Amino acid sequence: MLLLDEPTNHLDLPTIGWLEKFLEGFRGALLIISHDRAFLGRLAKGMLWLDRGRLHRRDEPFDRFETWAEQLALDEESRLNRLDKKLAEELHWLAGRDARRSNMGRPPGASAPDGPSHRRPSPRGPSDGRGPRDARGAGIRFAAPLLSPCCAWRP
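Residues numbered from 1 in each chain as written. Predicted model: local features only at pLDDT ≥ 70, side-chain atom pairs only at ≥ 80, totals over all residues. Heavy atoms only, no water.

Student: Can you walk me through the overall build of the chain in this structure?
Tutor: Helix and strand counts for the chain come out as three helices and five strands. Secondary structure elements of the chain occur, N-terminal to C-terminal, as β-α-β-α-β-β-α-β. When each of the 155 residues of the chain is scored for burial, the buried share is 22%. Counting only carbon and sulfur atoms, one obtains 57% of the accessible surface of the chain, whose full area is about 11100 Å². (Helix = DSSP H or I, 4+ residues; strand = E, 2+ residues; numbered from the N terminus. Buried < 20%, exposed > 50% of the residue type's maximum accessible area, 1.4 Å probe, protein only. Areas by Shrake-Rupley, 256 points an atom, 1.4 Å probe, with all protein chains shown as cover.)

This is the structure in structure tokens:
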């Protein structure tokens, strides 16, 4: 097994071409960590992508990475929307329960005191359509999430 971490950094084009030809003829397994999409596209047969602390695996050539990464983002957004809907239902139920409890023993027409808000901030940040925040909720947005390092291999 040959492990290569950013193998094309600081190489000129003829040297990168030589390295690609050498690796194409290499009979062992390759594990390549790189931002060089062209290099990965010519050598990789599968991908491991570390995104916000989660490792994703795909046994396809690197040229399908962008479509796959976009689908992962859509799936995560859908999952978070379902979670937000469930939370809203639970909070609605709690608010009704609290209202029933606070009205007990109160004369008709008397208003209930204001209680604490049960709304939580969204993990995706404000609903401004600009995409998810980072996993720590620090408000940092990934301007180009598909530029994160990708690890590719060839069996």
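Student: Just checking my understanding: could you explain unusual backbone geometry for this structure?
Tutor: With the exception of glycine, the majority of residues adopt a negative phi angle, and the majority of peptide bonds are in the trans configuration. A positive phi is found at Glu6, a non-glycine position, where the angle reads about 50°. With respect to the helices and strands, Glu6 occurs in the loop between strand E1 (2-5) and helix H1 (13-25). You can call Glu6 buried: its relative accessible area is 17%.

Student: I'm lost on the packing of aromatic side chains in this one. Help?
Tutor: Centre-to-centre distance and the angle between the planes together describe a pair of aromatic rings. Taken as a whole and judged by the stated rule, the model has five aromatic pairs. Between Trp49 and Phe65, the ring centres sit 5.1 Å apart and the planes meet at 80°, which makes this aromatic pair edge-to-face. Taken together, the positions of Trp49 in strand E3 (residues 46-51) and Phe65 in helix H3 (residues 65-102) put the pair 16 residues apart, joining distant regions of the chain. Relative accessible area serves as the criterion here: at 3%, Trp49 is assigned to the buried category. Every member of this aromatic cluster is reached through a ring pair, and the members are Trp49, Phe62, Phe65 and Trp68. (Phe/Tyr/Trp six-rings, centres within 6.5 Å; stacked < 30°, edge-to-face > 60°.)

Student: What is the right way to read the pattern of salt bridges from this model?
Tutor: Two side chains carrying opposite charge are able to pair once their charged atoms lie near each other. In total, this model carries eight salt bridges according to the counting rule given. For Arg42, the salt bridge identified is with Glu20, shortest N-O distance 2.7 Å. In this pair, Arg42 sits in helix H2 (residues 37-43) while Glu20 sits in helix H1, placing the two residues 22 residues apart along the sequence. Residue Lys86 is joined to Glu90 by a salt bridge in which the shortest nitrogen-to-oxygen separation is 3.8 Å. Of this pair, Lys86 and Glu90 both sit in helix H3, four residues apart, which is roughly one turn of that helix. The exposure class assigned to Lys86 is partly exposed, which follows from its relative accessible area of 47%. A residue is classified by how much of its surface remains accessible, and Glu90, at 40% relative accessible area, is partly exposed. One salt-bridge network, held together by shared partners, links Asp51, Arg52 and Glu76. (Salt bridge = Lys/Arg side-chain N within 4 Å of Asp/Glu carboxyl O.)

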